Amino acid sequence: MLVNFDTLPETARIWIYQCNRSFSDAELEEISEKLTTFLEGWTAHGADLQSGFEIKYKRFIVIALDQEMNAATGCSIDASVKFIQELETAYKVDLMDKMNVSYKQGEYVAYKTLTDFKKMAKDKAVSKNTIVFNNLVNSKAEYLEFWEVPASESWHSRFV
C-alpha cells in the first residue's frame with residue numbers, strides 16, 4: 001500500500017539506492033510511475049506493506065517501509081531488489097553498488113568509486129567538511145538526521 005513518504009513514521013525502515021548518474025526529467029517521471037505501481041502491490045505473505053518513496057537530487061531512490069504495520073520478509077525484500085535490478089537494466093544505470101561514494105561539490109552531486117574517493121581524500125580534494133551521503137542509514141529518523149552529513153560524521157571519516 002503506497003502512502004505519502006512524509007507520513008511514514010521515523011521508525012520506518014529505509015533503503016537507499018544511489019545512481020551512478022543523474023536521471024533525466026523524463027526518466028524521473030517514468031521511474032516514479034514504476035515505483036508507484038510496485039509499492040501499490042508490494043506485499044509480505046499476502047499482507048500489504050505500507051510504504052512510500054522519494055527521489056532526491058535526481059539520483060537517489062529512497063524507499064521507506066512502516067514495519068509496525070507489516071514487516072518486510074525475505075520474499076518481499078527479494079521482490080524489491082528484483083524491481084531495482086529491473087530499473088538498472090531499463091535505464092542502464094548502477095543502483096546496487098554500495099562501494100561507491102556520492103558527495104556534494106557545491107550544489108552538484110558527484111559520484112566516485114571508493115578507490116577514487118580515497119585518492120581524492122589523500123590529495124586533499126575532499127575534506128572532513130565535504131558533505132557526503134551516508135546510504136547505510138536504516139530508519140527514516142536516521143535518514144532525516146544522518147544521511148547528508150560532513151564526511152567527519154559518517155563512515156567516510158576514516159578516509160579524510
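Definitions and cut-offs
Residues numbered from 1 in each chain as written. Predicted model: local features only at pLDDT ≥ 70, side-chain atom pairs only at ≥ 80, totals over all residues. Heavy atoms only, no water. Helix = DSSP H or I, 4+ residues; strand = E, 2+ residues; numbered from the N terminus. Buried < 20%, exposed > 50% of the residue type's maximum accessible area, 1.4 Å probe, protein only. Contact = heavy atoms within 4.5 Å. Pairing = 2+ DSSP bridges. Axes fitted to C-alpha atoms, helices over the stretch in contact; angles between N-to-C directions. Salt bridge = Lys/Arg side-chain N within 4 Å of Asp/Glu carboxyl O. 1 Å grid on protein atoms, 1.4 Å probe; cavity = no way out; pocket = protein on both sides within 12 Å on 5 of 7 lines; lining within 4 Å. Points joined across faces, edges and corners; volume = space filled by probe spheres on them. Nonpolar A, V, L, I, M, F, W, Y, C, P; charged D, E, K, R; others polar. Core = buried A, V, L, I, M, F, W, Y, C linked by side-chain atoms within 4.5 Å.

Asker: When you look at the side chain of glutamine 50 in this model, what are you seeing that I'm missing?
Answerer: Tracing the backbone shows glutamine 50 in the loop between β3 (47-48) and β4 (51-56). A relative accessible area of 17% places glutamine 50 in the buried class. Setting aside its immediate chain neighbours within four residues, glutamine 50 contacts Met1, Val3, Leu8, Ala64, Leu65, Asp66 and Met69.

Asker: Can you walk me through the sheet that holds strand β1 (residues 13-18) in this structure?
Answerer: In a beta sheet, neighbouring strands pair by backbone hydrogen bonds and run either parallel or antiparallel. Overall, antiparallel pairing links the three strands, which are arranged β1-β5-β4 in an open sheet. Where the open sheet ends on each side, the last strands, each with one partner, are β1 and β4. Within this sheet the neighbouring strands show an average axis-to-axis angle of 15°, counted without direction. Pairing geometry for β1 and strand β5 (residues 60-65), over six bridges, is antiparallel.

Asker: Would you explain the pattern of salt bridges in this entry?
Answerer: Two side chains with opposite charge may pair up if their charged atoms get near one another. Per the stated rule, a full pass over the model turns up five salt bridges. Notably, a salt bridge pairs lysine 58 with aspartate 25, separated by 2.8 Å at the nearest N-O pair. Highlighted residues: lysine 58 in the loop between β4 and β5 and aspartate 25 in helix α1 (residues 25-41), separated in sequence by 33 residues. Taking the relative accessible area as the measure of exposure, aspartate 25 reaches 53% and is therefore exposed.

Asker: For this particular structure, what's the right way to read empty space enclosed by the protein?
Answerer: A water-sized probe rolled over the atoms picks out the places where empty space is left. Inspection of the entire model under this criterion finds one cavity of 30 Å³ or more. The space that makes up the largest cavity amounts to roughly 70 Å³. Elements that contribute at least two residues to the lining of the largest cavity include exactly β1 and β6 (100-105). With three residues, the top contributor of residues to the lining of the largest cavity is β6. For the lining of the largest cavity, the per-class residue count stands at five nonpolar, five polar and two charged.

Asker: I'm lost on the nonpolar core in this one. Help?
Answerer: Counting 23 residues, the largest nonpolar core has Phe23, Trp42, Ile61, Ile63, Leu87 and Leu95 as the members making the most contacts within it. For this core, the secondary-structure elements that each account for two or more residues are β1, α1, β5 and α2 (74-91). Examining the composition of this core, we find that five residues originate from one element, α1, more than from any other. Among residues more than four places away in sequence, those in contact with leucine 87 are Ile31, Lys34, Ile61, Lys92, Val93 and Leu95. Counting residues in hydrophobic clusters, the runner-up holds 14 residues, among them Phe5, Leu8, Ile16 and Phe133.

Asker: Where do I start with unusual backbone geometry in this structure?
Answerer: Generally, phi is negative for residues other than glycine and the peptide bonds are trans, each holding for most cases. Even without glycine at this site, histidine 45 takes up a positive phi of about 50°. Structurally, the position occupied by histidine 45 is in the loop between β2 (43-44) and β3. Backbone geometry places tyrosine 57, a non-glycine residue, at a positive phi of 55°. On the secondary structure map, tyrosine 57 appears in the loop between β4 and β5.

Asker: Would you mind going over the pairing of β6 with me for this structure?
Answerer: Walk down a regular strand and you will see the side chains alternate between the two sheet faces. Across the six residues of β6, five count as buried, placing the element largely inside the fold. Note that β6 and strand β7 (residues 108-113) share six bridges and pair antiparallel. In the strand pairing of β7, serine 102 is matched with tyrosine 111. What sits between the antiparallel neighbours β6 and β7 is a turn of two residues, in which glycine 106 has the positive phi angle 65°.

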